[in-house]
Amino acid sequence: MNIRSLTRGDGVVIGAAVLLFIASFLGLYSVENAPDELELPNLWGSGPVVFGVVLAGIIGAALIVVARGLPQPKKVAGLDLGQFGIAFTIFAAWSALGNVFDPGSGVDNVGGSSEGPDLGIGLILALVATLVMAAAAIATPLVPALKGSLIPAARPAAPQPYGGQPQGGYGYPGAQQQPYGGQPGQPGPGQPGQPGPSFGGQPQPGQPQPGQPQAPQPQQAQAQPAGDFSPFWFAVPVPRPLFAEDGSPTPIAELAPGTWYLAVEQRGANLVAQTQDGRRGVLQDTSGIQRG
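Residues numbered from 1 in each chain as written. Predicted model: local features only at pLDDT ≥ 70, side-chain atom pairs only at ≥ 80, totals over all residues. Heavy atoms only, no water.

**Focus: the pairing of strand S5 (residues 232–235)**
Pairing of S5 with strand S8 (residues 261–267) involves three bridges; the strand directions are antiparallel. Note that in S8 the partner of tryptophan 233 across the bridge is leucine 262. Of the pairings in the sheet, the one linking S5 to strand S11 (residues 290–291) comprises two bridges and is antiparallel in character. The residue of S11 that forms the bridge with alanine 235 is glutamine 290. (Pairing = 2+ DSSP bridges. Helix = DSSP H or I, 4+ residues; strand = E, 2+ residues; numbered from the N terminus.)

The following block contains the structure:
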């Protein structure tokens, strides 16, 4: 399970589930002028509230979060786990609303009496939590602000080109050091590709003698055009499928937000990306990607 694939909407669902769990330990009823020795039950003291509100809401939130973190969506009876979770949260909010309208569950109608217990703070908070949970679960696929990654991706310190070697710096074994007092860009004595006089002043084999015409130097390779593709790191804002390079419509992987992937090739508007396990595929939807 990849927690970096969780969205901001999932964070709201998780927060609402925590609030619902806390509310389940608070009072279900409230009675005016009740004696101090009277102990009123909390939400766990009512079976309909426990099963219809508390457990339904927590199970729905768990299904939504698990479905988001899985690399491939799991289906039960043709429906995704996330869709089952949304249904559970809506049912929990509906049940909480019914208990708010009738907290006594019909007890106040016994014997023709219209008096019954009032709402407890636990039931009120349970209604608020389930309403927020259901609203976030429904709105997450529709509102761009909720589709953003819950955990922002950490930017790579210095992404290297695909297959490239680290750049040589001072002290690096492959780096060419400038002689003391030399100017940058000028070759120093003894550097590779620059013949210099040997000890004693004797010219090296192949070095032109004084007075002899110098052989023409081979032309340097032409520089690559500036428009050529250069590999880069990128992250996706929402989970997106990665398709096979042979054009198969079945995704081979899913790119999750919060993880950096390497773009190794560009094919029109598509990118050929490589995952952490070495798999390569075509990313067809490149809108909104974040370059490293």
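**Things to note about helix H4 (residues 121–139)**
If you check H4, its first and last C-alpha atoms are 27 Å apart, about what 19 residues at 1.5 Å a residue would give, namely 27 Å. Buried residues in H4 make contact with helix H1 (8–23), helix H2 (47–69), helix H3 (81–101) and strand S4 (118–119). (Expected span 1.5 Å × (residues − 1). Contact = heavy atoms within 4.5 Å.)

**Overview of the nonpolar core**
The biggest cluster of nonpolar side chains holds 20 residues, and the ones touching the most others in it are Val13, Leu20, Leu43, Val49, Val53 and Met133. With seven residues, H4 is the single largest residue contributor to this core. Setting aside residues no more than four positions away along its own chain, valine 13 makes contact with Ala61, Ile64, Met133, Ala136 and Ala137. Val236, Leu255, Tyr261 and Ala263 belong to the second largest nonpolar core, which has twelve residues in total. (Core = buried A, V, L, I, M, F, W, Y, C linked by side-chain atoms within 4.5 Å. Buried < 20%, exposed > 50% of the residue type's maximum accessible area, 1.4 Å probe, protein only.)

**Re the side chain of serine 24**
If you trace the backbone, serine 24 turns up in the loop between H1 and strand S1 (29–30). The exposure class of serine 24 is buried, given its relative accessible area of 0%. Look past the residues within four positions of serine 24 in its chain and what remains in contact with it is Asn42, Leu43, Trp44 and Val54.

**Let's talk about a nonpolar patch on the surface**
Where nonpolar side chains cluster on the molecular surface, the patch consists of Val12, Leu19, Leu26, Ile121, Ile124, Val128 and Val132 and spans about 490 Å² of accessible area. Elements that contribute at least two residues to the nonpolar patch include exactly H1 and H4. With four residues, H4 is the single largest residue contributor to the nonpolar patch. Within the secondary structure, leucine 19 is located in helix H1. (Patch = residues over 30% accessible without salt bridge, like charges linked within 9 Å, V, L, I, M, F, W, Y side chains within 5 Å. Areas by Shrake-Rupley, 256 points an atom, 1.4 Å probe, with all protein chains shown as cover. Salt bridge = Lys/Arg side-chain N within 4 Å of Asp/Glu carboxyl O.)

Read these as spatial facts, not as claims about activity.
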